[in-house]
Amino acid sequence: MSAPTPPAPGGPHPSGTRTTPVMVACMLSAFVAILDLQIVSTALPRIAGDLGGIDLFAWVTIAYVIASSVTTPIYGKLGDLFGRKVTYLSAMGLFLLGSALAGATGSMEQLIVFRIVQGLGAGGLFVSVLAIIGELFTPREGAKYYGMFGMVFAGASLAGPAVGGLLTDALSWHWVFLVNLPVGAVIVALLVKYLHLPRKAAAGAKLDYAGIVTLSAAIIALTLLTSWGGVEYAWTSPQIIGLGLGTLVFLGLFVKAESTASEPIVPLRLFRDSTFTISLLGTTVCGIVFVGAVQFLALYVQVATGASPTASGFILLPMMMGLVLSSVGSSRIIMKTGTYKIFPILSMALGIVGALLLSTMDSDTPRVLTILYMVVFGFASGLSAQVFTQAAQNTAPPQDMGAVSGTVTFGRSFGTSIGISLFAAVFYGRLTDELAARVPDGALDGIDRNSLSSDTVLATLADPVRGAVEDAYAASLTPVFTTAVPILAVGLVLTLLMKNLTLRSRHHGADEPAGSPAPAAADGTHERRPDHIHPPHVTHGPSAAPPLRAAGAALPHVRGPGRASRGLQSTSSGTPRAPSIVRGRTEAVP
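Residues numbered from 1 in each chain as written. Predicted model: local features only at pLDDT ≥ 70, side-chain atom pairs only at ≥ 80, totals over all residues. Heavy atoms only, no water.

**Some remarks on the environment of Leu56**
And then number 1: By the secondary structure assignment, Leu56 is in the loop between helix 1 (19-51) and helix 2 (57-82).
And then number 2: Put simply, Leu56 and Glu109 are 53 residues apart on the chain and 8.3 Å apart in space, counted from C-alpha to C-alpha.
And then number 3: Ignoring anything within four residues of it in the chain, the contact list for Leu56 reads Met108, Glu109 and Ile112. (Helix = DSSP H or I, 4+ residues; strand = E, 2+ residues; numbered from the N terminus. Contact = heavy atoms within 4.5 Å.)

Given below as structure tokens:
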């Protein structure tokens, strides 16, 4: 029995989807989402200076990240229930609406509100792209697309600071938001025309409203705790203690809701798989440190060293180049070997070195040395850019692909919001003391201290006063990076505990014959599959093909899209053996 000839690269998928234009749209979507964070972070000092409100500086990003973090796992589940296409297009519509509103804002408060709208849409972009890749391709096939994803991530990271600086200086900071609109229109047009995944049957589906509400409340409470602790309120104040208790209560209620929901946002059975659990925790660590801390590097470059927004973008380029090299290089190796464990281990270890180096910087640190430290930190970040998502999808059951992708993506976004809030609390708590100690009394009278990050405001200061402000900002950034070290140490321990599996070459466990071995580890042993990856019979599409028969008896089979049915065949001795597909033909494997 011959297998159907697989589609040519970029040709029609069995679902009717043309993969090339869809992957172009997906990569553009990832590019826009990553670029948005990068260009906004570069423009934030100018935005805060123009609109007034350095005290709200971090909230422009925090509001966006909270909104995207809350909605990410929800979008993942919505994609499982109602289909990837309608879920993605809804998310993109919200993202573009928020971008248009943010570009027309007139105050920091309005900007924060519009960033929430933008974040509500952004939460569905990454998870939808990852779930589409996971649904269209097997983990091994998808490795090359994750390589492309890594290149796009690196390219957007490279371009972001420079583009943000150029837009801010050449046009205005409003264009760091408005630039999303034409690119978003192209993405929507491509997906509307070419993406044709089967629409899920939504009849009888019940959204997990209790899970949505309790998870959202827990995220908001924890983010406020890390943002206000030590800045707005003392760590032992009733407000902070109340937020801590509220976080624990809402997390407990969330777990209870998920254990009883018919369609939970985050199915608790997923945590039986240690690979999924460690991937979720590991990507959270990456979000806290590698994304959260980068926000403050632009502040260091612009204020502590006196660089313009455009110059700061180019100063950050070598760090992003380090991310490019490590992300693309690790993706290529993973695609070739199928193994990935070494890369997150190296990422955490090198990240510790980079954070320690960055913590030594002050306003007098030579720029070449500053760039070198940033390169080390960027290289460490790239080594784990997409590894945790690949690892989690590798052991994910097909019916939970969106939930798995959404939860892991949520981990990184949630880690980012916590990281930015935590580091902002550390930074601004120290900045107040440093300014009081370094700046002469009365030197800043008549000057809004919330606008000190603006290069135009700094230019009006006398040289000794400006030098004192620069020293205060540089000294306030030191504890940000020393705080990152123990967090990365926890990540290192977690990655050392990760099992050394290889990527599957079949469709997420759905087309292995019953009794087939689990993914092989690098040492030749086999990983026991979690209970949720052992369906007795799985089919794709509206109906299953007739099973292969041996000696006149139908035996169990599992069928994947676009592949021949893979049943068990009997040898002449009566011993069952599984067929494999090699170059379009079916062969029996002993």
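**Side note on the packing of helix 15 (residues 387-394) against helix 16 (residues 401-438)**
And then number 1: Relative orientation of the contacting elements helix 15 and helix 16 amounts to 155°, with a least axis distance of 10 Å. Between helix 15 and helix 16, the crossing angle belongs to the class labelled roughly antiparallel. For the pair helix 15 and helix 16, the sense of crossing is right-handed. Between helix 15 and helix 16, the residues in contact are Phe388, Thr389, Ala392 and Gln393 and Met401, Val404, Ser405 and Val408, respectively.
And then number 2: Across the contact of helix 15 with helix 16, the residue classes break down as 5 nonpolar, 3 polar and no charged. (Axes fitted to C-alpha atoms, helices over the stretch in contact; angles between N-to-C directions. Parallel < 35°, antiparallel > 145°, perpendicular 65-115°, else oblique. Left-handed = near helix turned anticlockwise from the far one by under 90°. Nonpolar A, V, L, I, M, F, W, Y, C, P; charged D, E, K, R; others polar.)

**Here's the deal with the nonpolar core**
And then number 1: Grouped together as the largest cluster of nonpolar side chains are 143 residues, with contacts concentrated most on Met23, Leu297 and Phe427.
And then number 2: Ranked by residues supplied to this core, first place goes to helix 1 with 15 residues.
And then number 3: Residue contacts for Leu297: discarding those within four places in its chain leaves Leu316, Met319, Leu358, Met361, Met374 and Phe481.
And then number 4: By size, the runner-up hydrophobic cluster in this structure holds 7 residues, among which are Leu270, Ala396, Met401 and Val404. (Core = buried A, V, L, I, M, F, W, Y, C linked by side-chain atoms within 4.5 Å. Buried < 20%, exposed > 50% of the residue type's maximum accessible area, 1.4 Å probe, protein only.)

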